[in-house]
Structure formats: structure tokens, C-alpha cells
Amino acid sequence: MNLIQIETNLQNSDFQYRLKAISALKDYSSDIAVPLLTRHIQDPEFLVRTFVAREFGRQQTPESFASLLQIIRFDNTPNVRAEAANSLSLFGKVSASHLVHTFVTDDHWLVRRSILAALTEMECHEEILEVCIVGIESDDAAVQEASIEGLGTLANSHLAEIALSQLLALTNSRFDYVRTRVAHALKHFEAPAAKEALARLRQDSNHQVVGAAMEDLLP
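Criteria and cut-off values
- Residue numbers run consecutively from 1 along every chain, following the written order of its sequence.
- Totals for whole chains, interfaces and linings use every residue, but because this is a predicted model, local features are given only for residues with pLDDT of at least 70 and side-chain atom pairs only at 80 or more, for both listing and counting.
- Values reported for side chains reflect all heavy atoms of the structure, with hydrogen atoms and water molecules removed beforehand.
- Secondary structure counts use DSSP, requiring at least four H or I residues in a row for a helix and at least two E residues in a row for a strand, with both numbered from the N terminus.
- Each residue gets one of three labels from its accessible area relative to the maximum for its type: buried under 20%, exposed over 50%, partly exposed in between, using a 1.4 Å probe on protein chains only.
- For the purpose of charge, His is not counted, nor are the chain termini; Lys and Arg are scored as positive and Asp and Glu as negative.
- Charge coordinates come from a single atom per side chain, which is NZ of Lys, CZ of Arg, CG of Asp or CD of Glu.
- Each reported salt bridge corresponds to a side-chain nitrogen of Lys or Arg within 4 Å of a carboxyl oxygen of Asp or Glu.
- We define a nonpolar core as any set of buried Ala, Val, Leu, Ile, Met, Phe, Trp, Tyr and Cys residues linked to one another through side-chain atoms lying within 4.5 Å.
- For Phe, Tyr and Trp, rings pair up if their centres lie within 6.5 Å, where Trp contributes its six-membered ring, and each pair is then called stacked (planes under 30 degrees apart), edge-to-face (over 60) or tilted (otherwise).
- The criterion is that NZ of a Lys, or CZ of an Arg, lies within 6 Å of the ring centre and within 35 degrees of the ring normal, and then a charge sits over that ring.
- Pairing of N or O atoms within 3.5 Å defines a polar contact, subject to two protein rules: one partner must be a possible hydrogen donor and the other a possible acceptor, and residues neighboring in sequence count only if both atoms are side-chain atoms.

1. Notes on the overall build of the chain
Counting its secondary structure elements, the chain contains 14 helices and zero strands. Each helix (α) and strand (β) of the chain, taken in turn from the N terminus, gives the series α-α-α-α-α-α-α-α-α-α-α-α-α-α. Counting only C-alpha atoms, the chain reaches 65 × 35 × 30 Å along its principal axes. Burial statistics for the chain: of 219 residues in total, 49% are counted as buried. Counting 19 positive and 29 negative side-chain charges, the chain places the centres of these two groups 3 Å from one another.

Okay, here's the thing in C-alpha cells:
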């Protein structure tokens, strides 16, 4: 799509045209694409804003980074903020502190799970531990589960001991789903304390917890 057509489509009241125009900007340099994308940070259609956030991840400039920070802070749609988090992570570890701050201040499960997945992908161990400690205190089960899984990814890091202590504290949780996730996460650790905790979970009153704890014993 040529640039004139892109600019025309971006002004179309039908958001489908705007989506196609934004997608077409991937074929253009940042000095052309980023100013056009910036105009649609507050587009009335959330799908358009989602596409804008995604494209900013491809067009990596200081301006697109700043725009993503604006989106992740102020957009009123969780899907858009989650996409902005994914795009921010593409800038590398310079984005990690911003993602942690967003995790702490934005309690929507989709945003938080997107951030945790991004930090795991980047292997930002300190930041993973920080957000997981916050996440396991969440009232949202999906966030709790993702945070428990995140602690398991630290088993081979220099933060393994701290991560394990967090998991061990959850082995007596009153929630079956928490103990189930903990059983899965503990399998990543070779420490005697992890083995002992798994042995206890194999005697749990809930069959799903028992099944999770025994999976590694099955042929």
C-alpha cells in the first residue's frame, strides 16, 4: 500500500481501513511510520490502538518507546495495555523496570500475565522475583498461578533459594489450585526442602494436588 493510500485509510471512519493502513506501515521506515502511528494512540477503536501498540514494537525508536509508556499507563482497555507491554519487552532489558512498575500499579490479570511472560522471556530474574512476590498476593487466581509458575523458572538462577522459600510458604495454602501449581513448580528444584515438600503434597487431601505432585513418578 502506498503512503498516500495509507494516510487516506487512516482517516476513514471505518476502523477496518485504519487497521489495514497501520499493518501496512510495517513496510516503511520508522521516520515515516512512527509519526503516523502516534496520531492514533487515542483512536476510538480499541483494535486500532492494539495494532498501533503492536507496530510500535516493530518500529523501535525513542519516540515509539515513549508512546508505549503512555499507552501502558493511560489506555482504558486491558488488551491494548497488554499489547503495549509485549511491545515494550521487544526493546530488551531497558524496558524491565517499566514493566515491573506497571505490574505493581495495574492489577488487571491480562496485563500482569503478559508482563510476567515477557520478563520470563527476557530472563530478567530479579524482576521476575519482584513481580511474582506481588502476584502471589493477588486476589486473581490467574495471576497467582502465573506467579507461582514464574517462581519455578528461577530454579536454576542465583535467586533459586529465595524463590523456593516463597513456594514452600504456599504448600499449606487453603486453595487447592495454589497447592497444585506449587507442586508443579517445586519439581524444578533439586534442593532437599523441595523434595520433602513434594512428598508431603503427595499425601494432600485433594486428588489434583496429589496428581500434580506425583507426575514425575509416573513412567
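2. Comments concerning the pattern of salt bridges
In total, this model carries eleven salt bridges according to the counting rule given. The salt bridge partner of Arg-58 is Glu-55, with a shortest N-O separation of 2.7 Å. Residue Arg-58 and its partner Glu-55 are both found in helix H4 (residues 46-58); the two are separated by three residues, about one turn of the helix. When its relative accessible area of 2% is taken as the criterion, Glu-55 is described as buried.

3. So, the nonpolar core
Taken as a class, soluble globular proteins show a tendency for nonpolar side chains to be buried jointly. Counting residues in each nonpolar core, the largest one holds 66 residues, and the members touching the most others are Leu-99, Leu-119 and Leu-186. Ranked by the residues each element gives to this core, the list is headed by helix H8 (residues 109-122), at six residues.

4. A closer look at the environment of Pro-35
The topology assignment puts Pro-35 in helix H3 (residues 30-38). Overall, Pro-35 belongs to the partly exposed group, its relative accessible area being 39%. Considered as a pair, Pro-35 and Arg-179 are 144 residues apart in the sequence and their alpha carbons are 49 Å apart.

5. So, the packing of aromatic side chains
In this structure the tally under the stated criterion is two aromatic pairs. Judged by centre distance (5.0 Å) and plane angle (70 degrees), the rings of Phe-65 and Phe-91 are edge-to-face. Remark: Phe-91 occurs in the loop between helix H6 (78-89) and helix H7 (96-105) and Phe-65 occurs in helix H5 (residues 62-74); sequence separation between them is 26 residues. The interplanar angle of 35 degrees and the centroid separation of 5.5 Å between the aromatic rings of Phe-175 and Tyr-177 together place this pair among those described as tilted. Of the residues examined, Phe-175 reaches a relative accessible area of 31% and is grouped as partly exposed. The ring of Tyr-17 carries Lys-20 above its face, with NZ or CZ at 5.9 Å from the centroid.

6. Thoughts on the side chain of Ser-138
Among the secondary structure elements, Ser-138 is positioned in the loop between helix H9 (125-135) and helix H10 (141-152). You can call Ser-138 buried: its relative accessible area is 12%. Polar side-chain contacts of Ser-138 include one of 2.9 Å to the backbone nitrogen of Asp-140.

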